[in-house]
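Reading the structure
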Amino acid sequence: MGVADHSKSTYLELQRKKVHRYVIFKIDEKKKEVVVEKTGGPAESYDDFTAALPENDCRYAIYDFDYVTSENCQKSKIFFIAWSPSVSRIRAKMLYATSKDRFRRELQGIHYEIQATDPTEMDLEVIRDRAN
């Protein structure tokens, strides 16, 4: 499974330039590569991000989480989320599971990885706990 150049460049825009709050990727089965499906601007919330994920299909996502530490320092952590809802097709789950490591290796500088099969596994509290 390949990774589209646009996918890599969009990730770098999120990582280095903070152009996006999140990027959602999907596997284009015809092209056999991971492509950008949707991006969210810097002002978008975590709720906007989770609402953009399909309820019944798998996706990869990157979320740039900003937070303030107990020392009052502004920090940012980049999360890789493998979204694989339990109601999605078995074939899709297999495809995303087998392609994940290859795709993840293309994206340098990810701090944390979360595998989620339902929304509670990637709740904002889960993200906050992992970041601290």
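Overview of the structure. Starting afresh in each chain, residues are numbered from 1 along the sequence in its written order. Residue-level local features of this predicted model are given only where pLDDT is at least 70; pairs of side-chain atoms are given and counted only at 80 or more, and the full residue set underlies all totals for whole chains, interfaces and linings. Note that the side-chain values use all heavy atoms of the structure and ignore hydrogens as well as water.

It is worth spelling out the pairing of strand S6 (residues 112-116) at this point. For two strands to be treated as a pair, DSSP must find at least two bridges joining them. Helix and strand assignments follow DSSP, with helices taken as H or I runs no shorter than four residues and strands as E runs no shorter than two, numbered in order from the N terminus. As judged from the five bridges shared by strand S5 (residues 74-83) and S6, these two strands associate in the parallel manner. Bridge pairing in S6 links phenylalanine 80 to glutamate 113. Remark: the S5/helix H3 (residues 90-106)/S6 crossover connection has right-handed handedness. If you view a crossover with the strands going away from you and the path from the first strand over the helix to the second runs clockwise, you call it right-handed.

So, about the sheet that holds strand S3 (residues 33-40). Taken in spatial order, the six strands of this open sheet run S1-S3-S2-S4-S5-S6, and their pairing is mixed. At either margin of the open sheet sits one strand with a lone partner, and together these are strand S1 (2-3) and S6. Sheet analysis places strand S4 (residues 59-68) next to S5, joined by 10 bridges and oriented antiparallel. In the strand pairing of S5, aspartate 66 is matched with serine 76. Its contacts with the sheet place H3 against S1, strand S2 (22-28), S3, S4, S5 and S6, and it is angled at close to 50° to S4. Between two residues, a contact is recorded if the distance between any of their heavy atoms is within 4.5 Å. Only the stretch in contact is used when a helix axis is fitted, and all axes are lines through C-alpha atoms; the angle between N-to-C directions ranges over 0 to 180 degrees.

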